[in-house]
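Each chain is listed here by its residues.
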Amino acid sequence: MEEELRALLRDLDALKQSADPTAIDRMRERVAGMVSPAAAAAAAVGAARSKIKDMSAEVVDSNPYSRLMALQRMGIVDNYERIRDYSVAIVGIGGVGSVAAEMLTRCGIGRLLLYDYDTVELANMNRLFFRPDQVGMTKTDAAVQTLSGINPDVVLESYSLNITTVKGFETFLGSLKAKSAHGCNTGVDLVLSCVDNYEARMVVNQACNELGQTWMESGVSEDAVSGHIQLLVPGETACFACAPPLVVASGVDERTLKREGVCAASLPTTMGVVAGLLIQNALKYLLKFGQVSPYLGYNSLKDYFPTMEMKPNPQCSNPACVQRQKEYMQSKPARDAAAKAKMEAEASAADECPVHVDNEWNISVLDDSDTATSSILSTAADSLPEGLVRELPTADSYQEPIAPVTSGAIDDDLEELQRQLDALNSS
Amino acid sequence: MPRAGENHIPIAGNTKVEEHGAKGEGRRAAAAAAAAIRSMEGWDRGTKSVVGEIPLLSTRAGPRDGDAWRQRLKEEYRALISYTSVNKSKDNDWFRISAANPEGTRWEGTCWYVHNLRRYEFPLQFDIPVAYPQVAPEIELPTLDGKTHKMYRGGKICLTVHFKPLWAKNCPRFGIAHALCLGLAPWLAAEVPILVDSGMVKHKDDEGAPAEAAAASGSAAAS
């Protein structure tokens, strides 16, 4: 538009000099041609929709939720509209987090809490979501700007803070526990970790272990060609501190893992795929359809998607994790009873209508579920399939952490030690 | 800025590495010290011997752990006092650090590096992270922010390759003193010469500083 107006100005100046009478008519035509696109652009700016009170399944072009509500008619989701009752916290609004936030916003999530301490930079433009005109804004503010335009029904809360500091952590914990502004739900239903470093993951892990809050972790490798998502239910699955970092567990030389230089690679594709896997898992968890993956890897070079489950470490170094494990063990009878009741209900439902009325070939299905599950349960705990051995020895008994014996060794109080250091500093 | 935190491998529950066998406290401490030195493969002998003289810490406690944190803080002070004394005795004094709040969760000071007989001094600061000591402190040199790519946002020096794995292997035995000795010192030794030679960092005398400041820095460099 700006370009065209400049050209127009130039031609007007030319017109002043020339005496061609048809030139004025041509000029008029051009200006008239520019009026209608300008009007359309102005209309598009003003077209931000107003809030919608109830999600409608009506199939009309003007209904932003018609394709989502169709999930119900397709038999995938029982009650899609429940998504409006859910609150999700996204920690880290980078290549994965921002796309994840946009996906949930477009899905019509009830409330989104966004955490990041960074600002948008031009170096972020190889990823999705942020625009060059947002450079310099905090990532949370830029995200709120875009997301509120996409779907004004979503309640957005932005927290521009560093959660790894003591003060930031208190705010983080408080916001996860706080009631939503107008809803009756306490806290959040799911925390999504989309951060890019070990420190922040450990902090999210700490917060969720303390609150007993289910969360999902996501990550993209430094070389931008693989990633993973992981479901963490405190006490039930391994927490992020349950397994030691690779360098500690294996003693491998870290130089074999890292390339020289600080700058990591990133691709919009890998980040988009991981964000998609993460939000798909989150939707399955929240709206209760399909199977929620406990861990899903993505290797883009071979298009390999490994999955696995991880049990919590009874000797985890995180005390909150051990506490949640204890609670989970204590609630086992109740869970077993619930599972049994569910199985029986399903079995009775299945009995009512046989799958095949006639059985010409006398095929019968042997029930092996009892023996199979019990043998898996008993063996999985302490023995491995034939031919496999554990790499590290099993600890026979839990070694209590040694009590600090140094209380005698450091007899000075803190102030005295501070004075000693100050004396050294000033000498 | 993208950072990798993916060095995390999943292992089934019963694989935690614990030290067995060492019964006496003295033997345990000696074994820990030996393990700490052993984990420093590839480091120069001078640094190794200095690390051997910094007392190791034993309390696994972070800033939210109340009395256990006070105990950890005492151990931090003890290690810092020994390290500073060792440096002074070896005429290798190179930093000043003190807690900036009563809780000991924020630390501020200065550090300096001598290159071509001139002393370059930088303000130094960091917060103790919530997940400390499992997570190492992120040391910041705010005046160098944006001057080198060996840095994360806010002037946090890059410790990823040369220090973080060492810290992880020696948790909770390493403390602030170790982070300075094994994290910041090698970073300064590697980066300051490059920053000075490329003109990114200028000596304060060359920036038209007042005369008394120049004199002060001259005497400090000589001492």
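Some words on the overall build of chain B
Part 1 of the reasoning: Looking only at helices and strands, chain B features six helices and five strands.
Part 2 of the reasoning: Taking all contacts inside chain B whose residues are at least 6 apart in sequence as the whole, residues at least 24 apart take part in 53%.

Points about the pairing of strand 1 (residues 95-99) of chain B
All names here are of chain B.
Part 1 of the reasoning: Across five bridges, the pairing between strand 1 and strand 2 (residues 106-115) is antiparallel. Pairing of I97 across the sheet is with G109, part of strand 2.
Part 2 of the reasoning: Hairpin connection between strand 1 and strand 2: a loop of six residues separates the two successive antiparallel strands, and G104 in this loop has a positive phi of roughly 70°.

A short note on the packing of aromatic side chains
The geometry of an aromatic ring pair is captured by two quantities: the separation of the ring centres and the angle between the planes.
Part 1 of the reasoning: Tallied over the full model, the rule gives 12 aromatic pairs over all chains.
Part 2 of the reasoning: Aromatic rings pair up to connect Y115, Y159, F169 and F172 of chain A into one cluster.
Part 3 of the reasoning: The ring of Y328 of chain A has R335 of chain A sitting right over it, with the charged end atom 3.5 Å from the ring centre.
Part 4 of the reasoning: The ring of W112 of chain B has R119 of chain B lying over it, and the distance from NZ or CZ to the ring centre is 4.0 Å.

Some words on the sheet that holds strand 4 (residues 190-193) of chain A
Adjacent strands of a sheet form backbone hydrogen bonds with each other and so pair up, either parallel or antiparallel.
All names here are of chain A.
Part 1 of the reasoning: In spatial order, the strands read 3-2-1-4-5-6-7; together these seven strands make up an open sheet with mixed pairing. Here the strands that pair on one side only, and so sit at the sheet edges, are strand 3 (155-159) and strand 7 (295-299). Geometrically, the sheet is characterised by an average inter-axis angle of 15° between neighbouring strands, direction not taken into account.
Part 2 of the reasoning: Of the strands in this sheet, strand 2 (111-115) and strand 3 are in contact with helix 5 (residues 139-150), which crosses strand 3 at around 170°.

Remarks on the environment of I24 of chain A
Part 1 of the reasoning: If you trace the backbone, I24 of chain A turns up in helix 2 (residues 21-45).
Part 2 of the reasoning: Spatially, the C-alpha atom of I24 of chain A lies 9.0 Å from that of L12 of chain A, the residues being 12 residues apart in sequence.

Focus: the nonpolar core
Across soluble globular proteins, you tend to see nonpolar side chains buried next to one another.
Part 1 of the reasoning: Ranked by internal contacts, the top residues of the largest apolar core, which has 54 residues, are W107, L141, L180 and L184 of chain B.
Part 2 of the reasoning: Breaking this core down by element, the ones donating at least two residues are helix 14 (414-426) of chain A together with helix 2 (45-53), helix 3 (67-89), strand 1, strand 2, strand 3 (118-127), helix 4 (164-169) and helix 5 (176-197) of chain B.
Part 3 of the reasoning: For this core, the element with the highest residue contribution is helix 5 of chain B, accounting for 12 residues.
Part 4 of the reasoning: Membership of the second largest hydrophobic core comes to 48 residues, among which are Y86, L156, V233 and V274 of chain A.

Let's talk about helix 5 of chain B
All names here are of chain B.
Part 1 of the reasoning: Along its 22 residues, helix 5 runs 30 Å from first to last C-alpha, staying within 8% of the 32 Å computed at 1.5 Å per residue.
Part 2 of the reasoning: Largest kink in helix 5: about 30°, centred on E191, with the proline P193 one to four residues after it.
Part 3 of the reasoning: With 16 of 22 residues buried, helix 5 is to be regarded as a mostly interior element.
Part 4 of the reasoning: G199 lies just past helix 5 and shows a positive phi near 85°.

A closer look at the confidence of the model for chain B
All names here are of chain B.
Part 1 of the reasoning: For chain B, the average pLDDT comes to 81, and 80% of its residues sit at 70 or higher.
Part 2 of the reasoning: Low pLDDT (under 50) marks residues 1-23, which in the prediction has 70 contacts with non-local residues, meaning those over four places away or in another chain.
Part 3 of the reasoning: Ignoring residues within four places in sequence, the model shows residues 210-223, a span with pLDDT below 50, making seven contacts including any to other chains.
Part 4 of the reasoning: Across the assembled chains, the prediction reports ipTM 0.73 with pTM 0.76.

Observations regarding the side chain of N205 of chain A
Part 1 of the reasoning: Here N205 of chain A lies in helix 7 (residues 198-211).
Part 2 of the reasoning: In this structure N205 of chain A touches W215, C239, F240, A241 and N318 of chain A, once residues within four positions along its chain are discounted.

Remarks on the state of the cysteines
Part 1 of the reasoning: Using the criterion set out here, one finds zero disulfides over all chains in the structure.
Part 2 of the reasoning: With no disulfide partner, C107 of chain A has as its closest neighbouring cysteine sulfur the one in C194 of chain A, 15 Å distant.

Re the sheet that holds strand 2 of chain B
Part 1 of the reasoning: The sheet built from three strands is open, its strands ordered 1-2-3 (chain B) with antiparallel pairing. Looking at which strands have only one partner, the edges of the open sheet turn out to be strand 1 and strand 3 of chain B. On average, each strand axis in the sheet is inclined to that of its neighbour by 10°, with strand direction left out of account.
Part 2 of the reasoning: Against the sheet, helix 14 of chain A makes contact with strand 1 and strand 2 of chain B, and its axis sits at roughly 150° relative to strand 1 of chain B, the strand it touches most.
Part 3 of the reasoning: Across the sheet, helix 3 of chain B is in contact with strand 1 and strand 2 of chain B; its angle to strand 1 of chain B comes to roughly 160°.

Cut-off values and rules
Residues numbered from 1 in each chain as written. Chains lettered and ligands numbered in written order. Predicted model: local features only at pLDDT ≥ 70, side-chain atom pairs only at ≥ 80, totals over all residues. Heavy atoms only, no water. Helix = DSSP H or I, 4+ residues; strand = E, 2+ residues; numbered from the N terminus. Contact = heavy atoms within 4.5 Å. Pairing = 2+ DSSP bridges. Phe/Tyr/Trp six-rings, centres within 6.5 Å; stacked < 30°, edge-to-face > 60°. Lys NZ or Arg CZ within 6 Å of the ring centre and 35° of its normal. Axes fitted to C-alpha atoms, helices over the stretch in contact; angles between N-to-C directions. Core = buried A, V, L, I, M, F, W, Y, C linked by side-chain atoms within 4.5 Å. Buried < 20%, exposed > 50% of the residue type's maximum accessible area, 1.4 Å probe, protein only. Expected span 1.5 Å × (residues − 1). Bend = angle between axes of the 7 residues up to and from the residue. pLDDT = per-residue confidence, 0-100. Disulfide = S-S within 2.5 Å.

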